[in-house]
Amino acid sequence: MRASSRSRRDGPGRWLLVLGSVVLLAAPWARADEASVLEFPHNGPGLVAMVAPISVDFAELGARYANIRRVVGPGVPLRAVDARRLISRRDWDAALGRVPCEPWNGYGADALATWMDAVRRVSSQPPTRPVSGAFLREIHRWAMSGHYFKGYERRRIQAALGRGQITRAEHDALLARVERGERVYFSGADHARLPGAFRSDPLDSFVHNGESFLPDGRRYMIRDELDRLRSNRLFSVDETSLVEIRPGRFLGAVHYPAVHRIEEEVRNVLERAERALQRPVPPAEVVRAVVETGRDLMSIHPFIDGNGRTIRLLADFMLNVRGLPPPLYPNELDVMMTLDEAFHFTLRGMVDYVGRTEGVLLR
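Residues numbered from 1 in each chain as written. Predicted model: local features only at pLDDT ≥ 70, side-chain atom pairs only at ≥ 80, totals over all residues. Heavy atoms only, no water.

Along the chain, T114 falls in helix α4 (residues 111–123). By relative accessible area, T114 is classed as buried at 15%. Non-local contacts of T114, meaning those with residues more than four positions away in its chain, are made with W142, A143, M144 and S145. (Helix = DSSP H or I, 4+ residues; strand = E, 2+ residues; numbered from the N terminus. Buried < 20%, exposed > 50% of the residue type's maximum accessible area, 1.4 Å probe, protein only. Contact = heavy atoms within 4.5 Å.)

What follows covers the packing of aromatic side chains. According to the stated counting rule, one finds 6 aromatic pairs in the structure shown. Centre to centre, the rings of F135 and F317 are 5.1 Å apart; their planes meet at 85°, and the pair counts as edge-to-face. With F135 in helix α5 (residues 133–143) and F317 in helix α11 (residues 307–320), this residue pair connects regions lying 182 residues apart in the sequence. For the residue pair F135 and F317, the accessibility class agrees, reading buried in each case. One aromatic cluster is present, formed by F206, F235 and Y256 through successive ring pairs. The positively charged end of R156 is found above the aromatic ring belonging to Y152, 3.5 Å away from the centroid. (Phe/Tyr/Trp six-rings, centres within 6.5 Å; stacked < 30°, edge-to-face > 60°. Lys NZ or Arg CZ within 6 Å of the ring centre and 35° of its normal.)

Another aspect to go through is the pairing of strand β6 (residues 219–222). Pairing geometry for strand β5 (residues 212–213) and β6, over 2 bridges, is antiparallel. Note that in β6 the partner of F213 across the bridge is R219. Here β5 folds back onto β6, and the loop between the two strands holds 5 residues, one of which, G217, carries a positive phi near 95°. Here β6 pairs with strand β8 (residues 249–255) via 2 bridges, running antiparallel. By the bridge assignment for β8, M221 is matched with F250. (Pairing = 2+ DSSP bridges.)

It is worth spelling out the pairing of β8 at this point. β8 sits mainly inside the fold: 6 of its 7 residues count as buried. By the bridge criterion, 2 bridges tie strand β4 (residues 207–208) to β8 in an arrangement that is antiparallel. Bridge assignment links V207 to a residue of β8, and that residue is H255. Pairing of strand β7 (residues 236–246) with β8 involves 6 bridges; the strand directions are antiparallel. Each bridged residue has a counterpart across the sheet, and for R246 the counterpart in β8 is R249. Hairpin geometry of β7 and β8 is characterised by an intervening segment of 2 residues between the two adjacent antiparallel strands and by a positive phi of about 80° at G248.

On their own, these measurements won't tell you what the molecule is for.
See below:
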């Protein structure tokens, strides 16, 4: 696809969609093989929002995707392509150093098999199925079957220390076992019951502290990051917690929606998505509605773990039933992107998905 400096409709089915690159504080990052994305380099100079201009012919893209589905078969994922869609870029890069032949195992030895099964299940759903909280929970059960919820146990070990139920030595030993990859069931909870369940325990309240790290391991936010979080209607910035430790660098807490709000917030987001897509709309509006839905659900973070996988699969369904491909790369920072930035990131990922799949089929 060729970059364009214009934004216009160019005949039936053709939309030229352009957003010029935005740069907020220079940071040394670029990759030619993945879609442009917000980047928070650890201890780097700041945030970059790189959204490359892209022209998308939706009629052509849809035709290429339809041909792929005819060749491969409906609902059949390709390991060589769909494995890349499981794991975020940052985790993928880290896993390449540990298991270069199978980086998807960075999410666990069984994560890929579960993911591929979930892709098949989602793609086999009837196109008339409503996008609802019940469907979202069902997708989470498929995507997280057999999963060990490490963060769930970690938070309960930490809470037990705070209540004086275990010693510091016991706390440290338990966390060390969890971090080594052992399945420690300190809470006594049946993890088979956690897939499909929204967060409901205040212990599972989530806080964002920043994407960069101090030498002692504490996280901090840069000003651009904090401003973007403030602009997200679903986040709550604890202004009293903010401490500017250096110009433009802040310690503090930004809260995801509280557990008692999750059911309502998810329902509102998905009802809005259903209204937006219940009538015929141009492909660009479909993608924008799907992107907004995914970004809002990620901001709610309804599940204890596996939010990214689950929400991507729901987005896949919403795109696929309208003849559009999924994006190739997970968007790990969409909650801090503007809608336009997330939209163009997704467009590039959709084009890359079709190109990567065609490349695999032509080998």
